[in-house]
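Analysis of the macromolecular model
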Amino acid sequence: MARITASVYTSHVPLIGVAIDQGKTEEPYWRPIFSGYEHSKEWMANNPPDVVFLVYNDHATAFSLELIPTFALGTGEKYTIADEGWGPRPVPDVVGHPELAAHIAQSVIQSDFDLTLVNQMDVDHGLSVPLSLMFGQPKTWPCPVIPLAVNVLQYPVPSGQRCYQLGQAIKKAIESYDEPLNVQIWGTGGMSHQLQGQRAGLINSQFDHDFLERLIVSPDELAAMPHIEYIREAGSEGIELVMWLIARGAMSDATGGPKPTVKHRFYHVPASNTAVGHLILENNE
Ligand code: DHB
Ligand code: FE
């Protein structure tokens, strides 16, 4: 059977992609940010996944106000890199895993989560920046990726509770797939940030640190945090953090198993208009 061995959490700041693509990672502004991912790349080399299930949000790239799926699962063979206005990032296309994705769709939809299925879409920085941070700059990505695009742009967006429960359903789906795959689940986005309006530029480090701690120690309580608190404390774009609860809900302890081990924890501010937060949690069964 397939297993979820670990979960990875990271911000997906677009300017980080630009810094990587333009060879600026050693510059003084960027150096401390990328140094936080050196251990992660080493860990990844020692713990290579067969498949990454990658929870992210599209930023009005593949979707728009014309079509707003709450949870869109990528069931396609391949995803092309989006042009977000400054040309597509010079990174490889993303190869999917249609067989596992179809199995997850079957299991999760039959567990009463009404997913949208997407066979063709461009993927933006929300998905490609985490891949670059964790895998560096390979010619092809080292494994297939199953994207799950979550609507966190246009209200109503899903609750933390719903996200946490969806993670539990995804775990059940993956663990009933009849092939011994090592699957990692990644939650991306965040941390506190607001890109618009009177509070544009808001960063709340205390909230961010508390969020990281609560995500590790008491994710079920964290899942109960209402939207209004994300907005008040973490800014209008801080709501991206609900996606981390999907990955966290897929860890063993969310369904009665042992607590995960924290393999890496990193926080740095600023990066563009936000703070970079990053965690690696390993399952213990
Ligand atoms: C920024 C944009 C994002 O989409 C995000 O998730 C974080 C930060 C930014 O422009 O700083
Ligand atoms: Fe974002």
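We now turn to the structure provided with this report. (Residues numbered from 1 in each chain as written. Chains lettered and ligands numbered in written order. Predicted model: local features only at pLDDT ≥ 70, side-chain atom pairs only at ≥ 80, totals over all residues. Heavy atoms only, no water.)

1. Focus: the pairing of strand β4 (residues 78-81)
Selection criterion: A pair of strands counts as paired when DSSP detects no fewer than two bridges linking them. Note on conventions: DSSP H or I runs of at least 4 residues are helices, E runs of at least 2 residues are strands, and numbering of each starts at the N terminus.
In this sheet, strand β5 (residues 94-95) lies alongside β4 in antiparallel orientation, the contact comprising 2 bridges. Following the sheet pairing, tyrosine 79 is matched in β5 by valine 94. Alignment of β4 against strand β7 (residues 122-123), held across 2 bridges, turns out to be parallel. Residue pairing for β7: isoleucine 81 is matched across the bridge by valine 123.

2. Section: the coordination of the iron ion (ligand 2)
Operational definition: Counted as donors are N, O and S atoms no farther than 2.8 Å from the metal, or 3.2 Å for Na, K and Ca; water is not among the atoms, and sites may therefore look incomplete. Type-normalised accessible area, obtained with a 1.4 Å probe on protein chains alone, sets the label of each residue: buried when under 20%, exposed when over 50%, and partly exposed for intermediate values.
For the iron ion (ligand 2), the protein coordination sphere consists of His12 (NE2), His59 (NE2) and Glu240 (OE), at 2.1 Å. Mapping the donors of the iron ion (ligand 2) onto the primary sequence gives the spacing H-x46-H-x180-E. Within this pair, whereas histidine 12 is found in the loop between β1 (3-10) and α1 (14-21), its partner glutamate 240 is found in the loop between α9 (227-234) and α10 (242-249), the two being separated by 228 residues in sequence. In this structure histidine 12 comes out as buried when scored by relative accessible area, which is 3%. For glutamate 240, a relative accessible area of 3% translates into the label buried.

3. Focus on the sheet that holds strand β3 (residues 71-74)
Quick note on the threshold: Fitting a line to C-alpha atoms yields each axis, with helices limited to the stretch in contact; the angle taken between N-to-C directions then spans 0 to 180 degrees. Here, two residues are considered to be in contact whenever any of their heavy atoms come within 4.5 Å of each other.
With mixed pairing, the 8 strands of this open sheet are ordered in space as β6-β3-β8-β2-β9-β1-β11-β10. Single-partner strands in this sheet number two, and they are β6 (116-118) and β10 (261-271). The mean angle between the axes of side-by-side strands here comes to 20°, regardless of whether they run parallel or antiparallel. In the packing of helix α6 (residues 160-174) onto the sheet, the strands contacted are β1, β2 (51-56), β3, β8 (145-150) and β9 (182-188), and the crossing angle to β3 comes to about 25°.

4. Some points on the packing of α1 against helix α5 (residues 125-135)
Our working rule: By the definition adopted for this analysis, an angle is roughly parallel if under 35 degrees, roughly antiparallel if over 145, roughly perpendicular if from 65 to 115, and oblique otherwise. Handedness of a helix crossing follows the sense of rotation of the near helix relative to the far helix, less than a right angle counterclockwise being left-handed and clockwise being right-handed. When residues are sorted by character, Ala, Val, Leu, Ile, Met, Phe, Trp, Tyr, Cys and Pro go into the nonpolar class, Asp, Glu, Lys and Arg into the charged class, and all the rest, Gly among them, into the polar class.
Where α1 meets α5, the axes come as close as 9 Å, and the angle between the chain directions of the two elements is 50°. In terms of orientation, α1 and α5 fall into the oblique class. In this structure, the crossing between α1 and α5 has a hand that is left-handed. Contact residues: Pro14, Ile16, Gly17 and Ile20 in α1; His125, Val129, Ser132 and Leu133 in α5. Taken together, the residues of the contact of α1 with α5 sort by class into 5 nonpolar, 3 polar and no charged.

What is shown is where atoms sit, not what they do.
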